[in-house]
Amino acid sequence: MAERARIGVTGLAVMGRNLARNFARHGHTVAVHNRTSAKTRALVEEFGGEGTFLPADTAEEFVALLEPPRRLVIMVKAGAPTDAVIDEFAALLEPGDMIVDGGNAHFADTRRREVALRERGIHFVGTGISGGEEGALLGPSIMPGGSPESYAALGPILEDIAAKVDGVPCCAHMGPDGAGHFVKMVHNGIEYADMQLIAEAYDLLNRALGMQPVQIAEVFKTWNLGRLESYLIEITAEVLAHTDAAGGKAFVDVVQDRAEQKGTGRWTVQTALDLGVPVSGIAEAVFARSLSGHAELRAAAQGLPGPTRGTLDGDDADRFADDVEQALYASKIVAYAQGIHQIQAGSAEYDWSIDPGTVAEIWRGGCIIRARFLDRIREAYEAEQKPDSLLTADYFRNAIAGAQDAWRRVVATAAELGVPTPGFAAALSYYDGLRSPRLPAALIQGQRDFFGAHTYRRVDREGPFHTDWSGDRTEHAV
Ligand code: 6PG
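Residues numbered from 1 in each chain as written. Predicted model: local features only at pLDDT ≥ 70, side-chain atom pairs only at ≥ 80, totals over all residues. Heavy atoms only, no water.

A.B. asks: Explain helix α19 (residues 422-435) to me, please; I cannot follow it from the model alone.
C.D. replies: Between its first and last C-alpha, α19 extends 20 Å over 14 residues, near the 20 Å set by a 1.5 Å rise per residue. Listed in full, the buried residues belonging to α19 are Gly423, Phe424, Ala426, Ala427, Leu428, Tyr430, Tyr431 and Asp432. As for α19, its buried residues are in contact with α8 (179-209), α13 (280-293), α15 (314-350) and α18 (394-417). (Helix = DSSP H or I, 4+ residues; strand = E, 2+ residues; numbered from the N terminus. Expected span 1.5 Å × (residues − 1). Buried < 20%, exposed > 50% of the residue type's maximum accessible area, 1.4 Å probe, protein only. Contact = heavy atoms within 4.5 Å.)

A.B. asks: What's the story with the sheet that holds strand β3 (residues 53-56) in this structure? I'm lost.
C.D. replies: Hydrogen bonds between backbone atoms are what pair the strands of a sheet, whose relative direction is either parallel or antiparallel. In space, the seven strands of this open sheet follow the order β3-β2-β1-β4-β5-β6-β7, with mixed pairing throughout. Only two strands of the sheet have a single partner each, and these edge strands are β3 and β7 (141-144). Neighbour to neighbour, the strand axes of the sheet diverge by 25° on average, direction disregarded. In terms of strand pairing, strand β5 (residues 98-101) meets strand β6 (residues 123-130) through four bridges, oriented parallel. Considered in β6, the bridge of isoleucine 99 is made with phenylalanine 124. Across the face of the sheet, helix α2 (residues 37-47) comes into contact with β2 (30-33) and β3 while running at roughly 160° to β3. (Pairing = 2+ DSSP bridges. Axes fitted to C-alpha atoms, helices over the stretch in contact; angles between N-to-C directions.)

A.B. asks: What is the right way to look at the pattern of salt bridges in this model?
C.D. replies: Following the criterion strictly, the structure yields 34 salt bridges and no others. Residues arginine 112 and aspartate 83 are paired through a salt bridge, measuring 3.2 Å at the closest nitrogen-oxygen approach. Taken as a pair, arginine 112 in helix α5 (residues 107-118) and aspartate 83 in helix α4 (residues 80-90) lie far apart in primary sequence, 29 residues in all. A relative accessible area of 42% means that arginine 112 is categorised as partly exposed. Arginine 378 is the partner of glutamate 361 in a salt bridge, and the nearest nitrogen-oxygen pair spans 3.3 Å. Here arginine 378 lies in helix α17 (residues 374-382) and glutamate 361 lies in helix α16 (residues 356-362), a separation of 17 residues in the sequence. Grouping residues by exposure puts glutamate 361 and arginine 378 together as buried. Bridged by salt links that share partners, the residues Arg309, Asp316, Arg319, Asp323, Arg409 and Glu416 form one connected network. (Salt bridge = Lys/Arg side-chain N within 4 Å of Asp/Glu carboxyl O.)

Encoded structure:
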């Protein structure tokens, strides 16, 4: 009998191709297929020496190359193209086979597809994969959802190709149906928040201290030696240090300042709104990208008055870079706290039993938000006493206690200088909102009752009440 593959990848754009190579490099015979065969041939010609690839020209050939139960990874565009590929292959599969969607699909689509395929006995495994092109090849962080049975058949192969930290693979079963894509979506939301915070730190150093990108690159390099050590800080230093070949200017100064997005950050916020989870830092990051893209509005606003103070001097200037480091660290903790809250809320809503400690563990390597402090997050959720919020875990409570004076100074200074810091400010407001014993929400309840008889609850008695605002202002239990 001809050789068969343990796993197959269809969709050989850069992510799919690199994933296929990663399987092959780990000794797994991999069947490869693409809508246009040229890509399949090119992969085998260029990288055939890295392992055993079995190329297929048609969907039928591809499926026939897979050993049962068939493990078929699809790496195509989210949305309609994914549905089309699923339909094409599902018709050729048998009960017990698995379709793995490794793209950035919306978890609600994944849930729908999982139900539809389950009815036909096929496992549908929505899998978050993070790490970009390089991660896919050298070891990504992998977040599979789907049934426990599918993980039993698939998990060991995925764990093989995942990044490893201290020998632990950055891959674990997140939970059933859409859990994997949900976790990946929140990963991307945190990614947006983290990128925005880093961008604000750069902007502050530039505008408050007049530092040039190449000098700021050095600051980031130093920060990367400490508690902020992370992939995003590391690449920020590289980007800031880069000089534009054409004009010799700093690269970052010749790039248009309009941030684009493919949509996963937006999904995180939309979903958080539905779940009622305040992911304000992530939302501000999405909105900051959106604001940057409104070129005409920004042009029209150029004449608007700003503050008179331009830059810092004296002692204020001397301690500012250190203050920004502390503000960045504290705000970053808030971004993760919000993201983890959303994962817990999603898990409760959809019955997924996602373990935040496991999520932190598999985000330690391979993914875009990999960072030294994920070890601390994992520890916080592995402790016997689970924290209600990441912010109330001892380590992070102490970290913020140490950073908060600087954090407050940075937000105040930014406001004074007119430098926008939606990420830092939202994170600080969230922190202060959570720890406030009383919030002005009480007044909002009063307003709602005034104009709409929406009722309110009292601090000293049970049940809803309404005050007769337009009459004699007597209060009635409702
Ligand atoms: C990853 C990334 C990746 C994402 C890009 C671009 O984890 O490897 O999150 O999945 O597609 O970061 O995202 P935006 O275009 O939305 O910025």
